[in-house]
Structures are given as C-alpha cells and as structure tokens.
Amino acid sequence: MKALFICDEREDWILLINIFHAHFPKIELICAQTGQEALESLMYEGSIGVVILECALKSDDPTELAKKIFDQVGPRPLIFVGTSTIIKSRVKEEFFLEHEMVSIYQKPYDAITFVESINEALEWVKKEEFENSIIELNSDKFIPMRLRNFYLHNTVPFDVYVELTKTKYMKAISADQVYTERTIQNFQKRNIRFLFIEKNEHLNFLESSIVKIAQNLALNDDQPKKKIQSMIAGVLVIHQYLRDVGISDSLHLIIDQVIKQFPKVVSSYSDLKSLLLDFPLEQGDLAEQAVLKGLTAESMGSLLGWSSDLSRMKLGLAAIIHDCFLDRESWSIITYRDHPELDDLSAHQVQSFLDHTKTAAEMARQFTRYPEADFIIEQHHELPDGNGFPNGIQASKITKISALFIVANSFVIQLIESGLSLSTIKNTVDSFESIYSLGNFKEIFTVLKKEIKKKSSPSNL
Ligand SMILES: [Fe+2]
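Being a predicted model, the structure only gives us computed values, none of them experimental.

Novice: I'm lost on the overall build of the chain in this one. Help?
Specialist: Helix and strand content of the chain: 18 helices and ten strands. Counting only C-alpha atoms, the chain reaches 90 × 55 × 40 Å along its principal axes. Across the 461 residues of the chain, 36% fall into the buried class. Restricting the contact set of the chain to residue pairs at least 6 apart, pairs at least 24 apart contribute 74%.

Novice: So what exactly am I meant to see when it comes to the sheet that holds strand E5 (residues 102–106) here?
Specialist: Sheets are built from strands paired through backbone hydrogen bonds, the pairs being either parallel or antiparallel. In space, the five strands of this open sheet follow the order E2-E1-E3-E4-E5, with parallel pairing throughout. Strands with a single pairing partner mark the edges of an open sheet, and in this sheet they are strand E2 (28–32) and E5. Direction aside, neighbouring strands of the sheet carry axes that sit 20 degrees apart on average. Judged from the four bridges that link them, strand E3 (residues 48–54) and strand E4 (residues 78–82) form a sheet pairing that is parallel. Paired with Leu53 across the two strands is Phe80, which belongs to E4. Contacts between helix H3 (residues 62–73) and the sheet are confined to E3 and E4, with E3 contributing the most and set at about 165 degrees to the helix.

Novice: Mind showing me how you'd approach helix H2 (residues 35–45) here?
Specialist: Owing to its 3.6 residues per turn, the α-helix aligns residues three or four sequence positions apart on the same side. Buried within H2 are the following residues: Gly35, Ala38 and Leu42. Down the axis of H2, the sector holding all buried residues measures 60 degrees, keeping them to one side. Those residues of H2 that are exposed and aimed more than 90 degrees away from the buried face are Glu40 and Tyr44. Packing partners of the buried residues in H2 comprise strand E1 (2–6), E2, E3 and H3. Among the residues trailing H2, Ser47 stands out with phi positive, at a value near 45 degrees.

Novice: What should I look at first to understand unusual backbone geometry in this one?
Specialist: Among all residues except glycine, the phi angle is most often negative; among peptide bonds, the trans geometry is most common. With an omega of 5 degrees, the peptide bond running from Lys107 to Pro108 counts as cis. By the secondary structure assignment, Pro108 is in the loop between E5 and helix H6 (111–133). Put simply, Phe389 and Pro390 share a cis peptide bond, and its omega is 10 degrees. Structurally, Pro390 can be placed in the loop between helix H15 (373–378) and helix H16 (400–418). Of note in this structure, Asp176 is not a glycine but carries a positive phi near 60 degrees. Relative to the elements of secondary structure, Asp176 occurs in the loop between strand E9 (168–173) and helix H7 (181–189). The phi dihedral of Glu372 falls on the positive side, at around 70 degrees, and the residue is not glycine. Mapped onto the fold, Glu372 is located in the loop between helix H14 (347–365) and H15. C-beta crowding within 10 Å serves as the criterion here: with 18 such atoms nearby, Glu372 is assigned to the partly exposed category.

Novice: How do you make sense of the environment of Asp327 when you look at a structure like this?
Specialist: Of note, Asp327 is situated in the loop between helix H13 (309–321) and H14. Overall, Asp327 belongs to the partly exposed group, with 13 C-beta atoms counted inside 10 Å. Remark: the alpha-carbon pair of Asp327 and Phe24, spanning 303 residues in sequence, is separated by 47 Å.

Novice: Looking at this model, I keep getting lost on the domain arrangement of the chain. Mind explaining?
Specialist: It is common to give the size of an interface as the accessible area that goes away when the parts come together. According to the domain assignment, the chain consists of domain 1 (2–132), domain 2 (137–200) and domain 3 (219–460). Summarising the inter-unit geometry, the C-alpha centres of domain 1 and domain 2 are found 28 Å apart. With seven residues of domain 1 at the interface, the matching set in domain 2 holds seven residues. Put simply, the parts of the chain that give the side of domain 1 that touches domain 2 at least two residues each are H2 and H3.

Novice: Would you mind going over the nonpolar core with me for this structure?
Specialist: Burial of nonpolar side chains together is a common tendency in soluble globular proteins. Counting 86 residues, the largest nonpolar core has Val235, Leu317 and Val407 as the members making the most contacts within it. Excluding anything up to four places from it in sequence, Leu317 contacts Ile255, Ile259, Ala364, Phe367, Tyr370 and Ala373. Among the nonpolar cores identified, the runner-up in size contains 29 residues, and Leu57, Leu78, Phe114 and Ala121 belong to it.

Novice: How do you make sense of the packing of helix H12 (residues 286–303) against H13 when you look at a structure like this?
Specialist: To describe two helices that pack against each other, one gives the angle between their axes and the distance between the axes. Look at H12 against H13: their axes get within 8 Å of each other, and the N-to-C directions meet at 155 degrees. With respect to their mutual orientation, H12 and H13 come out roughly antiparallel. In terms of crossing hand, the pair formed by H12 and H13 is right-handed. Judged by residue contacts, Ala290, Lys293, Gly294, Ala297, Glu298 and Gly301 of H12 engage Ser311, Arg312, Leu315, Gly316, Ala319 and Ile320 from H13. Residues belonging to the contact of H12 with H13 are distributed by class as follows: five nonpolar, four polar and three charged.

Novice: Would you mind showing me how to read the pairing of E4 here?
Specialist: Consecutive side chains of a regular strand alternate in pointing toward one face of the sheet and then the other. Most of E4 sits inside the fold, with five of its five residues counted as buried. Alternating positions in E4 separate into two faces, Leu78, Phe80 and Gly82 on one and Ile79 and Val81 on the other, with burial throughout. On the question of chirality, the crossover connecting E3 to the parallel E4 by way of H3 is right-handed. One ladder, built from five bridges, connects E4 with E5; its direction is parallel. What sits directly across from Ile79, in E5, is Ser103.

Criteria and thresholds
Residues numbered from 1 in each chain as written. Predicted model: local features only at pLDDT ≥ 70, side-chain atom pairs only at ≥ 80, totals over all residues. Helix = DSSP H or I, 4+ residues; strand = E, 2+ residues; numbered from the N terminus. Buried ≥ 20, exposed ≤ 12 C-beta atoms within 10 Å, placed from the backbone. Contact = placed C-beta atoms within 7 Å. Pairing = 2+ DSSP bridges. Axes fitted to C-alpha atoms, helices over the stretch in contact; angles between N-to-C directions. Arc of directions from axis to C-beta. Domains from an automatic or database assignment. Core = buried A, V, L, I, M, F, W, Y, C linked by C-beta atoms within 7 Å. Parallel < 35°, antiparallel > 145°, perpendicular 65-115°, else oblique. Left-handed = near helix turned anticlockwise from the far one by under 90°. Nonpolar A, V, L, I, M, F, W, Y, C, P; charged D, E, K, R; others polar. Right-handed = clockwise from strand over helix to strand, strands pointing away.

Written out as structure tokens, the structure is:
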C-alpha cells in the first residue's frame, strides 16, 4: 500500500518520510506539491490507501481538493493536517461530517499522536478491504474477461474480481472507481490473465467496449500502429462476444469497422515486409494473429489485383473469426493433422480441435452479408497435398481465395512461432516453396515470394 502526502513545504516532507520509515516501513509515502500533482499520482500510482492533506497548501483549497480526490478515486481515509486556525478557516465542516473516513490532525506534529492517526486510517482501509474484497460465490455466476479488455476503460460500473479458487473471488477493481493502466499491468505481472465479472454485467461491458473501440477506429489521424492496436482490441471483444453472446447489430458494426481498416493500414506501408516488422506483436494471441492474418491476406489480395469489396469482406471475416472457437489458444499453432502437439491431447480434445474450422464456418454462415466466407474458414487448414483437415481436399479443388487465406494463415502461424524479424520472414517464405507451388496455390505463393524477396528501401526496414 502507498500513502500520499500533499504539501508544499519540503521540511514537512522530510519529517513525514522519516516517520513512515520508522513506523510504517512497508508503506511507500509519495509526496505531491500541488493538487494537480496529487491527482496525477492517484491516477498513475494506484493502491494509494491514505491521503494526508496539508491545509496551508497554496495551490488549492483543501476541501475542494479533497472533493476532487473522492470524485476521481472514490472515498478513502483522508487526514486534513494544519494548525487549528488554518483548519477552522479552510476545512468545511459539512464535508468532514459527511465522510466517516475523513479525520483532522492538528499541528504541530508529534510522532506518537500522528502515528495513531495513521493507524486509525489504516484500520479503516483494512476493514473495508476485508469486508469487500473476498466473496464466496458459485462460479456459474461469473464470466472471465481477458485482462487486456480492461485497458480500454479507466472505470467500470461494476465490481471486478480475481478468481482465488472455483468458489472464492477477491475484488480487484471496485465499481465506479478509477483504475490506472498500472493496475492492469500489475495483474499481468502476477500472471493473471483473466478478471471476472458477474454474468449480468457482462453484456453491458462488451457493448461499452465496442463503443470505445469504434470511436478509436474512427480516428483518421491515428498512426497505423495505433490503428492496428485498436483492431486487436476489437477482435478480442468480437471473439468474446461471439463465444458468449452470439451475433447482434453492435457486433456487425464492430466487425465492419475492423474489416474497413485492413486496406487502410496496408496502404499506409510501402510493402508487406515493413508492415510485418512494424506490427505490435506482444503475446501472439488469437486477436493479434487474426489481425496479422487479415493484414497479410489484404496485402496479398491487393498484390494480385483483387480490389473488390466482396473479396475483402470475405477474407476479413475469415481472418477475424476462423480460430474464434478453439478451446485453447495454444492450439492455434497446430497446422496439420499429425502435428506432435495433438499427441498430448485426449480423443475428445483432438476432435474439438479438428472441429474448430466447421464451428467457425457455421457461425460465418449467419453473417449473410459475407457470402462464402464460410468456405474459406472451413478450409483454412487444408493443404495443397491433401494432407490438411477437416476434409483433406487436393490443391486442384481449392479456390484461389481459400488458397490465399491458407497461405496467409500458415505464414502468420510460422512467424508467431519463430518471432517477427527480417530473417524469419524470408526463411518462412523459403520453407513454403516446396509446399505451396501447386494448383491454385502457385500464383498466390509466387506473389508472396516476390513481395518478400523484393528489395525494400533501407528507410522502410
Ligand atoms: Fe485454425
């Protein structure tokens, strides 16, 4: 836990830092000179449990500042410090009476009484944390949401939990309280990948995420890399929505918007290599893979001279949803029927993996504005030699548009596995030569090879 001291007297900083060192060694004391600095610290530091506010502060009215703090991060122990005259003139009695966690400490400082005052504030924090943080509930009432979803917001209108056991949950974010990026990063550092929300809040959360992402995607002046990040956030929500809710108008809207970005982003780069090398690959998860595959497919389509919106829409939808129904994200790198990863899975899991193409294709059929995207999706693991799945189709029976997506899919999976660099991009293309020089794949592969092998100007790499 941290404490925040707002005061413009450096001597008082030193005094309080020494008191905290001696009596509260586990609590970090952050000092702010103005109200503005204090509000920023509360926004970016996170986990500040106690605020100590010097009432002789020149930059702000102490009561007004306390109100702003409570508005921004919610009520928490706040100690007004000052001489009796300053406190009388600058602390509004009604504010003090209204909040039980607000107290007053009359100067001059005395180590013993000041420590008592801090201890009282800490007791309040502990009691609140204990009462509010751990709850026992049936896991059926909760839905896991990927941690990354929470970067889109800085406050949510419901409590968010970390799962401790299948029935015990600990409150991680309180309803309507501002949280910071650092709060989410701290969960990430603790290897927490999901936060849990109650089922009845789930749909609202997804809908409000869609609105935020749609706003971000509508920004025309965004750098292509930022645009890609918004697309990844969009695909993450689309996957969650499709798995948990199904199809709706707002889902259509966000899918359309993500698909519209593929040509815009591709045309922002001089060639596919510079796009790949600029791609913000972090976790290689399904959302990042989907966007990378969509951009690769768009780039290959435009190199082949395919400019129709319909091809773009089919490929775009295929890229977004083809792996949406994989039971496990780690299965996304399995690209052929006798892949060694399958050896460790149960028969049921293998079947579920093999079925993911058909399940996604069935879902695609419900998007009537994207005809034939279902074929592309169902065939995304087919191979030119007929050793792919689910149907083991030969190259001659695979359409060009499916062939393009199959190559883009394998290309991206290979890059996710080997890491994105100039040499892995070139090596991947080289390794594809013997596999994809057949039937309808030949022209597709040749275009990709030419694009990757062509010399880029040094400034693009
Ligand atoms: Fe797949």
